[in-house]
Amino acid sequence: MRLGFATLGCPGASLDDVLALAKGNNFTGLELRAAPEEFTHTGLTPAQRRELRGRIEDAGLEIFAISSYVRLCAVEEQPLEAHLELAADLGALGVRVFPGDDTDTDAGTPDGPSAGEIRALDRVTSAPRDVPILFETHDSHSTGRQVAAFLALLDTDAPGHQVRALWDSSHTWSHGETAAESYALLRPWLELVQFKQADSRQDYRPVAIDDGDFPIQDLLAALDGTDYPLSLEWELKWHPHLPSLAETLPAVHAWLGEGSVR
């Protein structure tokens with residue numbers, strides 16, 4: 001498996017620190033959080049983008065995704081194109097987006113797509129197609145079933161679109177799907193898999209690696225024989241009670257099982 005981590009787990013860290021964390025712990029990929037306070041953001045100049053890409057490539061790492069906060073289904077205008085341009089300049093595999101459907105009907109029904117999904121369809125149709133849009137199982141579309149239904153709609157109404165699935169496996173688990181069920185639903189579009197530790201006895205609160213009950217072996221069994229990038233989304237930015245990435249990354253290999261990662 002191609003193993004990486006999201007820089008959400010080390011908010012405000014320098015590029016030097018992130019590269020050291022990855023190389024020192026045998027991680028080969030990064031999800032780069034795009035925000036004004038981070039070293040990755042849409043305001044970078046062309047020269048800064050070339051330097052950032054070169055340093056990551058020189059370190060032997062790949063960029064799994066630019067983690068944007070674009071909400072594809074939202075009413076407000078969203079900076080999708082700027083993030084797609086950033087991802088293209090950095091050589092990232094795609095741009096993470098949230099569904100963010102804020103209508104009363106949070107996802108499509110048997111009667112047809114929601115208003116938010118229609119907005120998303122319009123945005124996808126007009127978006128540049130050089131870089132995939134990675135639609136995460138999150139908020140209004142937290143299950144594999146919901147995301148698969150939306151992506152099937154795109155297949156019908158926007159042929160040639162560049163929207164793929166980003167499977168946040170903790171979200172689908174917390175909404176009652178097994179890893180095998182979610183994988184079967186998302187497989188036609190799957191591009192990237194996120195995982196994290198959580199405790200179902202505490203309303204799926206993120207916790208340290210040894211303190212939760214996320215079924216990691218079920219996830220690995222579902223992905224057996226595949227080569228999807230697997231990324232640790234350690235939400236230290238939003239959950240400061242979590243241990244640092246420096247403490248967490250060494251424990252991840254044991255949690256996944258030695259020999260399962262390359």
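Bear in mind that the values here come from a model prediction, so they are computed numbers and not experimental data.

Quick look at the nonpolar core
Okay, so step 1: Ranked by internal contacts, the top residues of the largest apolar core, which has 76 residues, are F5, I66, F195 and L230.
Okay, so step 2: Counting residues per element, this core draws most heavily on helix α5 (residues 144-157), at 6 residues.
Okay, so step 3: Those residues in contact with L230, other than ones at most four positions away along the chain, are M1, R2, L3, G4, F64, V193, F195, L219, L220, L223 and L256.
Okay, so step 4: One finds F64, A65, L134 and L192 within the second-largest nonpolar core, a separate group that totals 5 residues.

Some thoughts on the packing of aromatic side chains
Okay, so step 1: Under the counting rule described, the total for this entry stands at 9 aromatic pairs.
Okay, so step 2: Considering the side-chain rings of W173 and F214, the 5.3 Å spacing of their centres and the 85° angle between planes classify their relative orientation as edge-to-face. Within this pair, whereas W173 is found in helix α6 (residues 169-174), its partner F214 is found in the loop between β9 (205-206) and α8 (216-222), the two being separated by 41 residues in sequence.
Okay, so step 3: By relative accessible area, W173 is classed as buried at 16%.
Okay, so step 4: Here a set of aromatic residues connected by ring pairs shows up, and it is made of W173, F195, Y204, F214 and W255.
Okay, so step 5: The side chain of R96 reaches across the aromatic face of Y69, ending 5.2 Å from its centre.

Cut-off values and rules
Think of each chain on its own: its residues are numbered from 1, step by step along the sequence as written. Local features in this predicted model are restricted to residues whose pLDDT is 70 or higher, and side-chain atom pairs enter the listing and the counts only when it is 80 or higher, whereas totals over whole chains, interfaces and linings include all residues. Each side-chain value is derived from all of the structure's non-hydrogen atoms; neither hydrogens nor water enter the calculation. Throughout, nonpolar core names a set of buried Ala, Val, Leu, Ile, Met, Phe, Trp, Tyr and Cys residues whose side chains join them through atoms within 4.5 Å. Under the scheme applied here, a residue whose accessible area is under 20% of the maximum for its type counts as buried, over 50% as exposed, and between as partly exposed, the area being computed with a 1.4 Å probe on protein chains only. For helices the rule is a DSSP run of H or I covering at least 4 residues; for strands it is a run of E covering at least 2, with both sets numbered from the N terminus onward. For this analysis, residues touch if any pair of their heavy atoms sits within 4.5 Å. Stacked, tilted and edge-to-face are the three classes assigned to paired rings of Phe, Tyr and Trp, where Trp is represented by its six-membered ring and a pair needs centres within 6.5 Å; plane angles under 30 degrees give stacked, over 60 edge-to-face, the rest tilted. Placement of a charge over a ring requires the Lys NZ or Arg CZ to be within 6 Å of the ring centre, with the centre-to-atom vector within 35 degrees of the ring normal.

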